[in-house]
Amino acid sequence: MKNRGVIVLVALVPFLVLILVGMTVTVPFVAVGPGATADTLGKYEGKPVITVSGHAVRKPSGELMLTTVSLNDGLNLFEALGFWLSGDHQIAPREEYFPPTQTRKQTDEASREQFVGSEASATVAALQYLSIPTAPGVDSVQVKGPSDGKLQPQDVITAVDGKRITAVADIAADVSAHAPGSTVTLTVAREGATIRVPIVLGARSDDRSKGMLGIEVGPVPADSKLDIGFDVQDIGGPSAGLMLALGLVDMLGPTDLAGGKTIAGTGEISEDGTVSPIGGITHKLLGARRKGATVFLVPDQNCAEAKTDVPKGLELVRVKSLTDAVSSLALVRAGKPAPAC
């Protein structure tokens, strides 16, 4: 009996070690699955996703839902196995989502910057689709940069040191002609008023002999009274662009795009309205269907992958541009076939 007890104990030791390792050792994988959704016509975590002032806004019906994927990091062996067995998640090498050359904070910041860029592109794409005039101005302001606290997103820049600005490229060209440390005065239209803003220039990272403002420039609403804001704090990446643009077109335009339906979608958007592919499409389809979506707008280049795993009851509509998306939604509202994947 004594020998049998020793044998059992010896046999248990490797098992207990395996349990301990499985619970404490982090594996170099992440679990990718359906993420949060947000109705661009409504609220996210109690706050409106899109706010507009200085322009008439319609009250749309239905939902235009942006979709995301979830990333579960820092998994132990048993957690990774549990996500894999769930059938809702894919286990992928961590380095595919978190480059080893960057810290987690740097990766998160880069993802957030991509989202802010998608907001700017979505704004321009929507305004141009609606033929609302745009002008050269400020897309975003670098934190702790030369313009921090002096310029604001959507400021219209009309002149640099009295020289009139007629195109976005004029801003960088005129500022770069000055040395770092020198002061330039910008004429800015903001909320219906014209102000003059002196700024001490910093140095460009690619050429330390040239000055820079520390802003991203691009087309912004030409009417400085028109203010467009977004408030989706915990979402990153560029893939919400299409749905943000559609939300703006719905709110500012004459047509109810969703027509009372729950429409979901994804896709990076450029300022000219072109829709580009994104990652995690099958996870986004599942997340959208769980939230009640019956139609999903799929970037053309994601269609092949999307068709491999379509949740029951979800119609896939293929889009190549913002114009495509608006036209396809008109067909959906009319009960007619829309371009399919």
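Located above this text is the structure these notes cover.
Note that the coordinates shown come from a computational prediction; the quantities given were computed from them, not determined experimentally.

Participant: Go over the pattern of salt bridges, please, and point to the residues and values.
Facilitator: As enumerated under the stated definition, the model contains 8 salt bridges in all. Between K163 and D174 there is a salt bridge, and its shortest N-O distance comes to 3.3 Å. Of this pair, K163 sits in strand β9 (residues 163-164) while D174 is found in helix α4 (residues 168-176), placing the two residues 11 residues apart along the sequence. A relative accessible area of 12% places D174 in the buried class.

Participant: Residue-level account of a nonpolar patch on the surface, with values.
Facilitator: On the surface, a cluster of nonpolar side chains totalling about 360 Å² of accessible area is made up of L81, W84 and L85. Along the chain, L81 falls in helix α2 (residues 77-86).

Participant: How would you summarise the environment of G211 if you had to cite specific residues and measurements?
Facilitator: Inspection of the secondary structure puts G211 in strand β13 (residues 211-212). As a C-alpha pair, G211 and V200 span 11 residues in sequence and 8.9 Å in three-dimensional space.

Participant: Could you give an account of the sheet that holds strand β5 (residues 63-72), with specific residues and numbers?
Facilitator: Pairing is mixed in the open sheet, where 6 strands are placed in the order β6-β1-β5-β16-β19-β20. Each having just a single partner strand, β6 (90-93) and β20 (315-319) make up the two edges of the open sheet. Neighbour-to-neighbour, the strand axes of this sheet turn through a mean angle of 35°, independent of strand direction. Of the pairings in the sheet, the one linking strand β1 (residues 29-39) to β6 comprises 4 bridges and is antiparallel in character.

Participant: Can you explain helix α3 (residues 104-129)? Please cite residues and give values.
Facilitator: Taking 1.5 Å per residue as the helical rise, α3 with its 26 residues ought to reach 38 Å, and the 37 Å between its terminal C-alpha atoms agrees with that figure. Those residues of α3 not exposed but buried are T107, F115, S118, E119, A120, S121, A122, T123, V124, A125, A126 and L127. Those residues of α3 that are buried are in contact with β7 (134-141), β14 (215-221), β15 (227-230), α5 (241-252), β17 (268-269) and α8 (322-333). In the stretch just after α3, S131 is the one whose phi turns positive, near 60°.

Participant: I'd like a description of the state of the cysteines, backed by residues and values.
Facilitator: Overall, the coordinates contain 1 disulfide when judged by the stated rule. There is a disulfide in this structure between C303 and C341, and the S-S distance comes to 2.0 Å. Torsion about the S-S bond of the C303 and C341 cystine: about -60°, corresponding to left-handed handedness. Residue C303 is found in helix α7 (residues 303-306), and its partner C341 is found in the segment after α8; the two are separated by 38 residues along the sequence.

Participant: Explain the packing of α3 against α8 to me, using residue names and the numbers behind them.
Facilitator: In contact at an axis separation of 10 Å, α3 and α8 are set at 65° when each is read in the N-to-C sense. For the crossing formed where α3 meets α8, the hand is right-handed. Along the contact surface, α3 presents A125, A126 and Y129, while α8 presents L322, T323 and V326. Its residues assigned to classes, the contact of α3 with α8 comprises 5 nonpolar, 1 polar and no charged.

Participant: Requested: an account of the side chain of S224, with residues and values cited.
Facilitator: Position of S224 among the secondary structure elements: in the loop between β14 and β15. Overall, the relative accessible area of 14% leaves S224 in the buried class. When residues no more than four places from it in sequence are discounted, the contact partners of S224 are A189, R190, E191, G192 and A193.

Participant: How would you sum up unusual backbone geometry? Please name residues and give values.
Facilitator: The backbone of S131 shows a phi angle near 60°, a positive value even though the residue is not glycine. As for its placement among the helices and strands, S131 is situated in the loop between α3 and β7. Residue classification places S131 among the exposed residues on the basis of a relative accessible area of 64%. Of note in the backbone geometry, K144 takes a positive phi value of approximately 65° without being a glycine. Residue position: K144 is located in the loop between β7 and β8 (156-160).

Calculation criteria
Within every chain, residues take consecutive numbers counted from 1 along the sequence as written. Local features in this predicted model are restricted to residues of pLDDT 70 or higher, and side-chain atom pairs are both shown and tallied only at a pLDDT of 80 or more, whereas totals for entire chains, interfaces and linings draw on every residue. Computation of side-chain values: all heavy atoms of the structure, hydrogens and water removed. For this document, the term salt bridge refers to a Lys or Arg side-chain nitrogen within 4 Å of an Asp or Glu carboxyl oxygen. Only runs of H or I of at least four residues qualify as helices and only runs of E of at least two qualify as strands under DSSP, and these elements are numbered from the N terminus. Relative accessible area decides the class of each residue, using a 1.4 Å probe on protein chains only: under 20% of the type maximum gives buried, over 50% gives exposed, and in between gives partly exposed. Patch definition: residues with relative accessible area over 30% and no salt bridge; like charges joined within 9 Å; nonpolar side chains (Val, Leu, Ile, Met, Phe, Trp, Tyr) joined within 5 Å. Note on areas: Shrake-Rupley with a 1.4 Å probe; residue coverage comes only from the protein chains shown. We call two strands paired when DSSP finds no fewer than two bridges between them. For helices, the fitted line uses only the C-alpha atoms of the stretch in contact; every axis is such a line through C-alpha atoms, and the angle between N-to-C directions lies from 0 to 180 degrees. In a helix, the anticipated span is given by 1.5 Å times the number of residues less one. Note on definitions: a residue-residue contact is assigned when non-hydrogen atoms from the two residues lie within 4.5 Å. Note on disulfides: each one is a pair of cysteine sulfur atoms within 2.5 Å. What makes a crossing left-handed is the near helix being turned counterclockwise from the far one by less than a right angle; a clockwise turn instead makes it right-handed. Nonpolar residues are Ala, Val, Leu, Ile, Met, Phe, Trp, Tyr, Cys and Pro. Charged residues are Asp, Glu, Lys and Arg, and all others, Gly as well, are polar.

These results come straight from atomic positions and should not be treated as a statement about function.
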